[in-house]
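Structural characterization, general
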Amino acid sequence: MTVTIVGSQLGDEGKGALVDLWGGDADIVVRYQGGDNAGHTVVEDGEEYKLSLVPSGAVRDKVGVLGNGCVINPRTLFSEIDDLRERGLDPDVRLAKRAHVIMPYHRRLDNIEEEAKADSDLTVGTTGRGIGPTYEDKAGRRGIRVGDLLDPDVLRQRLEYVVPQKQALIEDVYGLEAGEECDVEALVEEYTEIGRRLREDDMAVNCGDFLAERREAGDNVMFEGAQGTLIDIDHGSYPYVTSSNPTAGGAATGTGVGPTVVGQGEVVGIVKSYLSRVGEGPMPTELKDDDRDEELADFIREKGGEFGTVTGRPRRIGWLDMPMLRHAARVSGFTGIAVNHLDVLAGLDEVKVGHAYELEGDERLTMPATTERWGECEPVLKEFDTWPEVDWAAVAEEGYDAIPDAAQDYLEYLSDELDVPIYAVGVGPGREQTVHIENPFDN
Ligand code: IMP
């Protein structure tokens, strides 16, 4: 049995809480794309864990795998693992030998290119973690993979080819001074040592084989998507995207199982009850038209804790966007959804959703394919009855019927429009603050 978890909006939908909740029934939790640009907060026994690379299941004694579709910064990885160990956990993390490694020059180039783009108004607002440059090198067939770290000769050979190119880029194209990120000897030394640790701790695996063996032995697998559909490099708002595929197809290419394996399982879209966005790009339902909108956005931002986990940046806020969700449900083939942060909208004077877009006089139910056209869309808003603040902990205990009627109407509209059932409703940040409806592992 597999369950794939996909962010259906712009990332930050609160996927970690659901992965953590249902991950209890998984034996293995596998990330299939992205790197330490992700940020998830997991609350376990009152303890808060902020992770950016280690799969959230590792907090619950699951095997955590970083698939071949991921890009891995070993410095971040070992700092997170060491931190978890200091807090009394013993995370079991495996890395695909085919996954690419984020090198110090990738981070440097990420930041340099963002600055260069600013002059042409093309800034993406990346997390600065070197994600894009690492995937560029993967596609350019000049990347360093986890498997290369295990063999010092191969590592040296690859670095001796690629580092002078990076140095020339930094110095000759951007006119800057290259630093220690381009010191081949220092890189060989540091990354050989990392390879030694990976070998010693038996962390590097052939991901496809590892998962096939574990599935044959009867293990349940959860595929944990990072980021969200609208920042998918193929299906998102290009160029304001990350460089990987957070949508469900990525779970196959990014781990080495077939698409039929993913498709025979459940694919659950995680939806936040409103919209938030870190970084640039259009957002038709953004709350920014007047002072009242801005006040509302500030309120939701504070109440929902809408500040980047990785960067601390305040997130932009908007109403739920249905054309976006229809697109997400189709691209990933959602079999169900979980709706988070319903409590954040409680007690507001108004609750709206962007039901459709208006573009050149036409009403559209899905998104245009280009970001420029998307930016021209005006939301067609639908107003809902508001619901009061209630004791959400009690609601989580009592179940779906205890959710205020107006909020149930909101959820049912969502489920009807996307034609999928709702498996869970998040009414607070902790795992216990979730209304359980169905566990996808039981289906
Ligand atoms: P990158 O992934 O650092 O290259 O950033 C590319 C875009 O994706 C930027 O707009 C980031 O803000 C956004 N992004 C990357 N990771 C996340 C995430 O985990 N949540 C939300 N946005 C993200």
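Residues numbered from 1 in each chain as written. Predicted model: local features only at pLDDT ≥ 70, side-chain atom pairs only at ≥ 80, totals over all residues. Heavy atoms only, no water.

With that settled, the discussion passes to the packing of aromatic side chains. Applying the stated criterion across every chain yields a total of 3 aromatic pairs. When the ring of Phe384 is compared with that of Tyr410, the centres are 5.1 Å apart and the planes differ by 75 degrees; the resulting orientation is edge-to-face. Highlighted residues: Phe384 in strand β18 (residues 378-384) and Tyr410 in helix α15 (residues 405-418), separated in sequence by 26 residues. Note on Phe384: relative accessible area 11%, which makes it buried. With a centroid separation of 5.1 Å and 65 degrees between ring planes, the pair formed by Phe384 and Tyr413 is classed as edge-to-face. Here the residue Phe384 occupies a position in strand β18, and Tyr413 occupies one in helix α15, the gap between them amounting to 29 residues. Note on Tyr413: relative accessible area 9%, which makes it buried. Ring pairing ties together the aromatic residues Phe384, Trp387, Tyr410 and Tyr413, which thus form one cluster. One cation-aromatic arrangement involves Lys382 over Phe384; the distance from NZ or CZ to the ring centre is 5.2 Å. (Phe/Tyr/Trp six-rings, centres within 6.5 Å; stacked < 30°, edge-to-face > 60°. Helix = DSSP H or I, 4+ residues; strand = E, 2+ residues; numbered from the N terminus. Buried < 20%, exposed > 50% of the residue type's maximum accessible area, 1.4 Å probe, protein only. Lys NZ or Arg CZ within 6 Å of the ring centre and 35° of its normal.)

The feature "active site" (unreviewed entry), as given by UniProt, occupies Asp12, His40 and Lys138 in the numbering adopted here. Across 127 residues in sequence, these annotated residues place their C-alpha atoms as far as 25.9 Å from one another, rather than forming a single compact spot. Mapped onto the fold, Asp12 is located in the loop between β1 (2-7) and α1 (15-22). Its relative accessible area of 24% is what places Asp12 among the partly exposed residues. Dropping the residues within four chain positions of it, Asp12 is found in contact with Lys272, Ser276, Val278 and Arg315. (UniProt positions renumbered as here; feature names shortened; annotations may be inferred. Contact = heavy atoms within 4.5 Å.)

As a further point, take helix α2 (residues 74-86). For α2, which comprises 13 residues, the first-to-last C-alpha distance of 18 Å matches the rise-based estimate of 18 Å (1.5 Å per residue) to within 8%. Listing the buried residues of α2 in full gives Pro74, Thr76, Leu77, Phe78, Glu80, Ile81 and Leu84. As for α2, its buried residues are in contact with β4 (47-51), β5 (63-66), β6 (71-72), β7 (92-96), β8 (100-101) and α7 (184-200). For α2, the side-chain oxygen to backbone nitrogen distance between the N-cap and Arg75 is 2.9 Å, and the N-cap itself is Asn73. Once α2 finishes, Gly88 follows within two positions and takes phi at roughly 95 degrees, a positive value. (Expected span 1.5 Å × (residues − 1). Polar contact = N/O pair within 3.5 Å; in protein donor to acceptor, adjacent residues only side chain to side chain.)

Now for the sheet that holds β1. Taken together, 10 strands build an open sheet; the order of strands is β9-β7-β5-β2-β10-β1-β11-β15-β19-β20 and the sheet is mixed. Only two strands of the sheet have a single neighbouring strand rather than two, namely β9 (204-205) and β20 (434-436). Here 4 bridges tie β1 to strand β10 (residues 221-224), and the two strands are oriented parallel to one another. Paired with Ile5 across the bridge in β10 is Glu224. Set on the sheet, α1 makes contact with β1, β2 (28-31), β10, β11 (266-272), β15 (336-340), β19 (422-426) and β20; between it and β1 the angle comes to about 170 degrees. (Pairing = 2+ DSSP bridges. Axes fitted to C-alpha atoms, helices over the stretch in contact; angles between N-to-C directions.)

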